[in-house]
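The chain contents come next:
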Protein chains: 2
Amino acid sequence: MQTVNSFIRPLLTDLYQLTMAYGYWKADKHQEPAVFDLHFRKNPFAGEFTVFAGLEAVLHFLSDFRFSEEDIDYLKESSFFGEKADPAFFSWLSELDCSEVKLYAMKEGTLVFPQEPLLRVEGPLGITQLLETTLLNLVNYPSLMATNAARFRLAAGKEKLLLEFGLRRAQGPDGGVSASRYSYIGGFNATSNVLAGKLFKIPVKGTTAHSFISSFSSLSDLKNRSIVNPQENEVPFVELVQDIHKKMGFSTHEGELASFIAYAQSFPHNFVALVDTYDTLGSGIPNFISVATALTQVGYSPVGIRLDSGDLAYLSKKCRKMFTEARSSLPAELKPFPRILIVASNDINEATLVSLNQQGHEIDAFGIGTHLVTCQAQPALGCVYKLVELNGKPRLKLSQEIAKVTIPGKKEIYRLSGMEGYPLVDLMTQVKEPMIEVGQKILCRDPFKANKRVNVIPNKICRLHQCYWDGKKHPSLPNIHEVRDYVLEQLDTFRPDHLRQLNPTPYKVAVDDNLFQFFQDLWLKEAPIMEIS
Amino acid sequence: MQTVNSFIRPLLTDLYQLTMAYGYWKADKHQEPAVFDLHFRKNPFAGEFTVFAGLEAVLHFLSDFRFSEEDIDYLKESSFFGEKADPAFFSWLSELDCSEVKLYAMKEGTLVFPQEPLLRVEGPLGITQLLETTLLNLVNYPSLMATNAARFRLAAGKEKLLLEFGLRRAQGPDGGVSASRYSYIGGFNATSNVLAGKLFKIPVKGTTAHSFISSFSSLSDLKNRSIVNPQENEVPFVELVQDIHKKMGFSTHEGELASFIAYAQSFPHNFVALVDTYDTLGSGIPNFISVATALTQVGYSPVGIRLDSGDLAYLSKKCRKMFTEARSSLPAELKPFPRILIVASNDINEATLVSLNQQGHEIDAFGIGTHLVTCQAQPALGCVYKLVELNGKPRLKLSQEIAKVTIPGKKEIYRLSGMEGYPLVDLMTQVKEPMIEVGQKILCRDPFKANKRVNVIPNKICRLHQCYWDGKKHPSLPNIHEVRDYVLEQLDTFRPDHLRQLNPTPYKVAVDDNLFQFFQDLWLKEAPIMEIS
């Protein structure tokens, strides 16, 4: 089955890429060797790190890049190129592929920082220009999403289960499928999205919604009164539940009790009850206790409850207490049910997790939807794709905003770690420079501020770019679980102050002295002196 | 070609829909006749209206609904239903389609309000439950997007061109394609997204990016020195531009001038220049004036400029003034170029448009990306899908939050307009009630507040729901241009205070007296009396 969105095609682009390609082609510049960098200027979510993702989709796109005959016909018939457009352009376009393109990239899942090229694309100007919009689309949201998920993971702590529940609120079908994929990569445990589970082989979780609960009115709705026990014998169940319910002195919503019984009959191995339809503490929890106790007597192990409204910290603590009390007040002939998993959902965001931690809570698993998948706190990452070299000469994108100026030329990038094991600085050098070495003292300079300099003697050097495409795909991509492990491993090895939610410390991104001089000289040469009068 | 995302399939759902379906099936409830309402509780963007969209995709989904053999295998092999899951369930699932489903819906593009069912889905409980997540996904983002676009249209005014430029920042490929489709429906004029243009037959626009400009270093980069004039003769062009440039006394960036010439050679009919690469007023505008004047001499009509940074109000006014001055200072032998279109882009949001209007500006067209397509001001619409009737009996979803309580039963919905032509109130009644009539005095009640009542004598009544599916698709859907016209027409006929950006007046959504009593009685009956001690 197709694991990739059918919309990922060369035509998934801004028209200006095609009009520019025509302009290059007419000016006979389309074959000039070009280098583009894809990078962002600011970390999302007021944070100081970003998780790079989307590489696998990028490689798929490069590999399949080819305009269909139908695409070419559409372009010809549209008025984009004028009535007198040169037919030879369309011939060129129809034969275009990525066989002359080289892609250097960060490993998928790498923690990345502003100004660093996540991708470096080399090749003839025409084709490399045509890749821009699609590459940006394929990197921006996945990286944003993986970053958001990693932030939720940091806020929830390592031990909690994090479940992505956002499909219904996601920005389109693919928004939903991508959200599931990249929140898993960012450190979630599972998704509710079945298609994503199938496509990417990631765990899928889910139990019931309120409609299931409210579809039952009373115990007489239950045509089946028994349950099949682990020994495969049919044993009475409704009566057992009723008996326990009476012994415990519970008075609750009967339809809700019926729905719990029906669900337990269908999922005796995996009984999780949604307890807030009528009254969490007054009805949902007592009903759960009755069914959970009955399941235990029959030989099953009930799993958990889900809270979907109200004060989650308070309710979770209260539920835990009620479970403990119920266990101790059970009549002697009844076996107590095991520890119950408490799942919480309901519009949870990163700040809610932080607040829940402060209040203390008894939640084991969080179901997170809207805030996670739409990245509500900042729904777009601002990656850009800039020409940094043409015909072997550096190119500079100027701007009155310093952060929008692009560091020119073809660059190597290294992650330098110190004695204590954590990364200290990422260093960019010109590709033509020799490799830097462990133990060597390296002057690392802020690319924009001449007076910000630091000497580093790295204990470990990691070269961050690898070539992933040179006309064909390199075969060795890690699988999604390995990418996720890589993200979690980095969340452990980076200094916590770079990762914390409140006022994180910026991680250093530097250039070596040669690149600094080269950059500043070019900038001085290119920048206009403004005239004011 | 496939106009629909390949991910829109029955498996694009939350697992709990499938586990609930199994629960219904095991309890022999899956064939019980059910009614679900899809509605939202709060208008987005702090506004008081929403544009309903996504219906065409919904109908496509219903029409194609069928689990593939591969889907069924995946479900069987996964542990979702336990090892002992009943194989007959999978047989049922593999034959399931929407032939027993009925869908009533608002017309696509209708202005809608909280609590109103956008969709009413009728059919057996099993299949109607299984539709939930996908229907929500297919309505939530399209409606949010169309609403956002309509708000930009209201802010920009009717006459301005609005161009959607958001593909690169959208949430995934489909997020981009949907954004283009639904921003057109919401009142935009065109998109930059070529695939969306092809799929939906909507206008596509685009010219150049900064990389095109910076790919030229000097006039010697131009191998071709001529242009083909409208009479199809090759005439010298670079020299003509240089000559004009000299006569005007301009001193500018030569690479930028070269890029403008190259673009004019490729697009003489549609010359639009991006003027902010080096220095908008010092280089971009003078270079544009030279090339535009030369094009005019040759017989073409230059089109416009694009501003992509800086103070857009100030720059647009200054540019307009420079064009006027250039026209009057042209040597007598030169024809003046026509009125120039000023396009502005750069992180524009609704508030920017309002502020530009206040400052006064000379912008004719806005290119809008990130804020539009990600709906940055509120990236999700909170549509929900609630069981309102089962086996002919009303169902109520309770909540401690009043706005989260669902109005039970199968409902008709009417839009009542008054003497002055604009809509006054939307009224819900029980389907079994007789149709309401023009001229009749109708008591309209707030569904939640007993003391809020208003008598209305409607001058015009529009029944908002139509049946769009009853086992097969009804054929008569309007095309995308008609849907857009319908949206724009409503933006004209609704009272402006409902639509304004600041403190809009809520539009009334009411129930008739019978539905009010029915609802309140049920609520009193179902709501638990809480115990506190």
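Because the structure is predicted, anything quoted here is derived from the model rather than measured.

## Some words on the overall build of chain A
When helices and strands are tallied, chain A shows 18 helices and 22 strands. Counting only C-alpha atoms and orienting by the principal axes, one finds that chain A spans roughly 85 × 60 × 55 Å. When burial is assessed residue by residue, chain A has 54% of its 533 residues classed as buried. The contacts in chain A between residues at least 6 apart in sequence include a share of 73% that link residues at least 24 apart.

## Quick look at the relation of the copies chain B and chain A
For the pair of chain copies, the relating operation is a rotation around an axis with a shift along it. With an RMSD of 0.0 Å, the fit of chain B onto chain A corresponds to turning through 180° and sliding 0.0 Å along the axis. This pairing of chains is accounted for by a two-fold axis. Interface residue correspondence from chain B to chain A reaches 100%, placing this contact among same-surface, isologous pairings.

## Topic: the interface of chain B and chain A
Each side of the interface is counted separately: chain B has 93 residues, and chain A has 94 residues. No other element matches helix 1 (residues 15-26) of chain B, which puts eight residues into the side of chain B that touches chain A. Looking at side-chain class alone, the side of chain B that touches chain A contains 37 nonpolar, 39 polar and 17 charged residues.

## Re the sheet that holds strand 5 (residues 119-124) of chain A
All names here are of chain A. Here we have six strands laid out as an open sheet, ordered 15-14-1-5-3-21, and antiparallel in their pairing. Both outer strands of the open sheet, strand 15 (393-394) and strand 21 (466-470), are each paired with one neighbouring strand and no more. Summarising the sheet, strand 14 (residues 384-390) and strand 15 pair through two bridges and their orientation is antiparallel. Pairing of Glu389 across the sheet is with Pro394, part of strand 15.

## Here's the deal with helix 2 (residues 55-64) of chain A
Residues and elements named next belong to chain A. Across the 10 residues that make up helix 2, a large majority, seven, are buried. Residues of helix 2 that are buried: Leu55, Glu56, Ala57, Val58, Leu59, Phe61 and Leu62. Close packing links the buried residues of helix 2 with strand 3 (102-105), helix 6 (132-156) and strand 21.

## Overview of the packing of helix 2 (residues 55-64) of chain B against helix 6 (residues 132-156) of chain B
Residue and element names in this part refer to chain B. The contact between helix 2 and helix 6 brings their axes to 8 Å, and the two run at 155°. By the angle between their axes, helix 2 is roughly antiparallel relative to helix 6. Considering how the two elements wind past one another, helix 2 and helix 6 form a crossing that is right-handed. Contacts between helix 2 and helix 6 involve Ala57, Val58 and Phe61 from the former and Thr134, Leu135, Leu138 and Val139 from the latter.

## Quick word on the sheet that holds strand 11 (residues 304-307) of chain B
Residues and elements named next belong to chain B. Read across the open sheet, the six strands follow the order 7-6-13-12-11-10; overall the sheet is parallel. What marks the edges here is a single partner per strand, and that holds for strand 7 (190-191) and strand 10 (272-274). In this structure, strand 6 (residues 161-164) lies alongside strand 13 (residues 365-368), joined through four bridges in parallel fashion. In the sheet register, Leu163 faces strand 13, and the bridge partner there is Gly367. Docked against the sheet, helix 13 (residues 312-329) engages strand 11 and strand 12 (341-344), running at close to 165° with respect to strand 12.

## Some thoughts on the environment of A:Leu103
Residue and element names in this part refer to chain A. On the secondary structure map, Leu103 appears in strand 3. Spatially, the C-alpha atoms of Leu103 and Tyr22 are 23 Å apart, while their sequence positions differ by 81 residues. Sequence-distant contacts of Leu103, defined by excluding residues within four places in its chain, comprise Leu62, Leu119, Val121, Tyr468 and Trp469.

## Quick notes on unusual backbone geometry
In this model, A:Asp28 sits at a positive phi of 60°, which is unusual for a non-glycine residue. Within the element layout of this structure, A:Asp28 appears in the loop between helix 1 (15-26) and strand 1 (33-39). Note on A:Asp28: 13 C-beta atoms within 10 Å, which makes it partly exposed. The residue B:Cys375 is not glycine, and still its phi comes out positive at about 50°. The topology assignment puts B:Cys375 in the loop between helix 15 (370-373) and strand 14 (384-390).

## What to know about the packing of helix 1 of chain A against helix 11 (residues 254-266) of chain B
The contact between helix 1 of chain A and helix 11 of chain B brings their axes to 9 Å, and the two run at 100°. With respect to their mutual orientation, helix 1 of chain A and helix 11 of chain B come out roughly perpendicular. Here A:Tyr22, A:Gly23 and A:Lys26 of helix 1 of chain A lie close against helix 11 of chain B, whose contacting residues are B:Ala262, B:Tyr263, B:Gln265 and B:Ser266. Each residue belonging to the contact of helix 1 of chain A with helix 11 of chain B can be placed in one class, and the counts come to three nonpolar, three polar and one charged.

## Description of the environment of B:Val58
Residue and element names in this part refer to chain B. Turning to its location among the elements, Val58 is positioned in helix 2. In this structure, the C-alpha to C-alpha distance between Val58 and Ala34, residues 24 residues apart in sequence, is 19 Å. In contact with Val58, other than residues within four places in its own chain, are Leu135, Leu138 and Val139.

## Focus on the environment of A:Asp308
One can find A:Asp308 in the loop between strand 11 (304-307) and helix 13 (312-329). In this structure the C-alpha to C-alpha distance between A:Asp308 and A:Ala344, which are 36 residues apart in sequence, comes to 6.0 Å.

## Things to note about the pairing of strand 18 (residues 442-445) of chain A
Sheet analysis places strand 18 of chain A next to strand 19 (residues 453-456) of chain A, joined by four bridges and oriented antiparallel. Along strand 19 of chain A, the bridge assignment pairs A:Cys444 with A:Val454.

## Description of the nonpolar core
Within the largest apolar cluster, 330 residues are counted, with the highest numbers of intra-cluster contacts made by A:Ile261, B:Ile261 and B:Val291. Excluding anything up to four places from it in sequence, B:Val291 contacts B:Val241, B:Phe260, B:Ile261, B:Ala264, B:Phe271 and B:Ala273.

## Things to note about helix 10 (residues 238-247) of chain A
All names here are of chain A. Residues Val238, Leu240, Val241, Ile244 and His245 constitute the buried set of helix 10. The buried residues of helix 10 occupy one face: seen down the axis, they fall within an arc of 165°. Where helix 10 is buried, its residues meet strand 9 (234-236), helix 11 (254-266) and helix 12 (280-298).

## Brief notes about the confidence of the model for chain A
Predicted confidence across chain A gives a mean pLDDT of 95, with 99% of residues reaching 70 or more. Predicted complex, confidence summary: ipTM 0.95, pTM 0.96.

Cut-off values and rules
- Residues numbered from 1 in each chain as written.
- Chains lettered and ligands numbered in written order.
- Predicted model: local features only at pLDDT ≥ 70, side-chain atom pairs only at ≥ 80, totals over all residues.
- Helix = DSSP H or I, 4+ residues; strand = E, 2+ residues; numbered from the N terminus.
- Buried ≥ 20, exposed ≤ 12 C-beta atoms within 10 Å, placed from the backbone.
- Contact = placed C-beta atoms within 7 Å.
- Least-squares fit on C-alpha atoms with pLDDT ≥ 70 in both.
- Nonpolar A, V, L, I, M, F, W, Y, C, P; charged D, E, K, R; others polar.
- Pairing = 2+ DSSP bridges.
- Axes fitted to C-alpha atoms, helices over the stretch in contact; angles between N-to-C directions.
- Parallel < 35°, antiparallel > 145°, perpendicular 65-115°, else oblique.
- Left-handed = near helix turned anticlockwise from the far one by under 90°.
- Core = buried A, V, L, I, M, F, W, Y, C linked by C-beta atoms within 7 Å.
- Arc of directions from axis to C-beta.
- pLDDT = per-residue confidence, 0-100.

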